[in-house]
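Residue-level structural notes
Each chain, written out:
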Amino acid sequence: MKSLFTNHQASLLEKLGIFNWFDLLMHIPVRYEDRTKLKNTSDFQDGELCLISGGILKSEIVFRGRRNLIVHIADINGNQIFLRFVNFYPNQVKQFQPGKFVLAYGSVKKNLIGIEMIHPEVSVSDSPMFELPKTYTPIYPTTAGLGQKMIQKIINKTLNSEEVISQLQGYILKFKNMRELDLLNAFINIHKPKKIENIIDLNHYKTSHHESLKYAELLAQQIFLKFSRNKNVQKISQVFLSSNNHLKKLIQSELPFSLTQSQINVIEEIEKDLSTGKCMYRLLQGDVGSGKTIVAILAATNVLYKNYQVAFMAPTEILANQHFEKFIDWFGKTNVKVELLTGNVKGNRRKTLLEEIENGAVNLIVGTHALFQENVKFNNLGLCIIDEQHRFGVKQRLDLMNKGKKSQYFPHQLMMSATPIPRTLSMSYFADLEVSTIKEMPKNRIPIKTKLIRESRRLELIEILKKELMKQNQIYWVCPLIEESDKLNLKDVTNTYEDFVKFLPDSEIGFIHGRMKESEKDHVMQNFINKKINLLVATTVIEVGVDVPNASVMVIEHAERMGLSQLHQLRGRVGRGHKESTCILIFKENLSENAKERLQIIYENIDGFVIAENDLRIRGPGEMIGTRQSGIPNLKVANLVEDADLVEEAHHDAETYLKEHQVFAKSYCKLWFEHKNYLRI
Ligand code: ADP
Ligand code: MG
């Protein structure tokens, strides 16, 4: 079916993510224009987009600060209209010859000179009769070299292709109790909408045809996910029966707190998975500070106790280090050997460690992505735990799994995330994994107070900080940049640190950022944990996972620039102990509407789920959880927030398709995703 477009066009279309005729039909108009009728001069609304025609009276080039081409035309009633062009070529000037006729589409302005249309799209002709389109004109996203008209033409050609039509006719279906599927009809009506449709509905993707297509898309995604899930379910893993083993008892007896009911419940869920012989594929979600680490470790004792290895992967060295220290402490009285593997472990030390991992002398291996990048061979990996999973790509997780595979056995997989996943998202992007949720926070927590402060009042904060420091409270101060920048007028770590050293001579102040050596970062974090540093100026490197319960103040500069999830994560660094904590958000005046909304949401809400719902609404799934690299087909027309009902419906129907119409489901999935190289996760 290549002949639908030339090779040159094909290479341009690829830039728009279009690889075949189906993608092309899924390239749907961003909006529609009504060029089916001419507008009367008397009906003009200021700023309105409309179509007019008239005879050319004269054209002239005038200077209004710069060169302007003005074409004077008169419509059928003799009313004068000026067409004004600011950028124009000699050829364009030439075409506007008096006596010819022009059809112009653009936005009209009424001003002192009269009625003006600025930079209209025009066609010039010898005859006053123009043939107008019978349907609304679709406007598509374009790319350099492939303009609007060309895309319209190619799509039209595709829709008229007999081969395409007959393929799509094969997917017209109506099963009992399910919505009718008719992609052909939906595509025709979306690309060439009839005039009976309401243009406002069209522009908002709200017609019944848009709804059909959204449903069809969601159904394809759901079927895809169910297939890949079935594949996963077929993977087998070692059986680890849940037990009240001695490791678990020992760790639990030494904890300075007792587990919440929610933590107990999710441990049971994980243990159940570990005992089935099928490969576990589970996401443990819980708000920042809900205590996921201990849950993962207690569940892991069932694997360690059977002498199988556990890998615990964290996205940053700071976090890997912190986990390592904690685990050394928790397993201190046991015979479990805990080791740390990061990019920072070098030379002979690394060599020995790799040997120990391979011969099984090490049982619990904590690390960063070094765990799968390097030449690591496991002896018998029973379980992979992936902390802050959204920081890793699907491929990285798969690599770790494959590394740990021994004969036919895969290691079980437990992923953790503090970015709670809204329901519609977990039904789509995470439909193929089991989810456990920690629903309650440890009891001793006092809710964090959030304050919003204008940047102009930044200095007043010094007094507040002094008081906090006197009370022996520790403070994080987060800046967006490491060093001063000419281009960005933003606060930086280096200058802020120097200011504090001046203003607060009696305090211990430190700084940390991503460009420091790992050993330096560790040193600073250790000093903060041991209270040798009381005020830590940092970049967002401290965003994920860092756990210093004594820290009770978090100041975030340029909070207006940060996303909701990021603000929530940063705020979650405090309020982890017994102290009352505060998060101060400094913002720059003249906020955009979007920034205003974000700050208001973070100010009013403490519940991570509510924040995540809003984040999903504002940013979409691609930005929010990095679904772009998730290996799962992205949605082009449906929207997980606005079309939540359709997601539910498709989720439900996909089940029926897979059970009762499997052959159809397979081919339908192929139609949507055949040429795309999606990872199966
Ligand atoms: P997150 O879920 O954000 O990863 P952590 O596992 O780092 O949270 O736990 C946050 C802090 O809460 C840690 O200091 C941890 O030891 C502590 N913690 C975990 N569970 C409880 C509990 N049930 N009661 C009190 N503190 C707890
Ligand atoms: Mg954590």
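Residues numbered from 1 in each chain as written. Chains lettered and ligands numbered in written order. Predicted model: local features only at pLDDT ≥ 70, side-chain atom pairs only at ≥ 80, totals over all residues. Heavy atoms only, no water.

1. Regarding the layout of surface pockets
Taken as a whole, the largest pocket holds about 1200 Å³ of empty space. Looking at the lining of the largest pocket, the elements that each hand over two or more residues are α11 (292–304), α12 (317–330) and α19 (518–529). Broken down by element, the residue count for the lining of the largest pocket peaks at six residues, all from α12. Tallied by class, residues from the lining of the largest pocket come to 12 nonpolar, 15 polar and 13 charged. The space that makes up the second largest pocket amounts to roughly 650 Å³. Along the walls of the second largest pocket sit 28 residues, with Arg35, Pro133, Thr137, Lys149 and Gln152 positioned nearest its centre. If you list the elements that add at least two residues to the lining of the second largest pocket, you get β1 (31–33), β5 (101–111), β6 (114–125), β7 (137–139) and α4 (148–160). With seven residues, the single largest contributor to the lining of the second largest pocket is α4. Partitioning the lining of the second largest pocket into residue classes produces 13 nonpolar, seven polar and eight charged. (1 Å grid on protein atoms, 1.4 Å probe; cavity = no way out; pocket = protein on both sides within 12 Å on 5 of 7 lines; lining within 4 Å. Points joined across faces, edges and corners; volume = space filled by probe spheres on them. Helix = DSSP H or I, 4+ residues; strand = E, 2+ residues; numbered from the N terminus. Nonpolar A, V, L, I, M, F, W, Y, C, P; charged D, E, K, R; others polar.)

2. A look at the site of ligand 1
Around ligand 1 there are 17 residues in total, and Gly289, Lys292, Thr293, Arg445 and Asp547 lie nearest to it. At 2.8 Å from a nitrogen atom of ligand 1 is found a side-chain nitrogen or oxygen belonging to glutamine 263. For ligand 1, whose accessible area on its own is 570 Å², the fraction buried by protein is 91%. Under a 2 Å grid-point criterion requiring more than half of the atoms, the pocket assigned to ligand 1 is the largest pocket. In the shell around ligand 1, the residues fall into four nonpolar, seven polar and six charged. (Near = heavy atom within 4 Å. Polar contact = N/O pair within 3.5 Å; in protein donor to acceptor, adjacent residues only side chain to side chain. Areas by Shrake-Rupley, 256 points an atom, 1.4 Å probe, with all protein chains shown as cover. Sits in = over half its atoms within 2 Å of the grid points.)

Remember, this is a structural readout, not a statement about activity or role.
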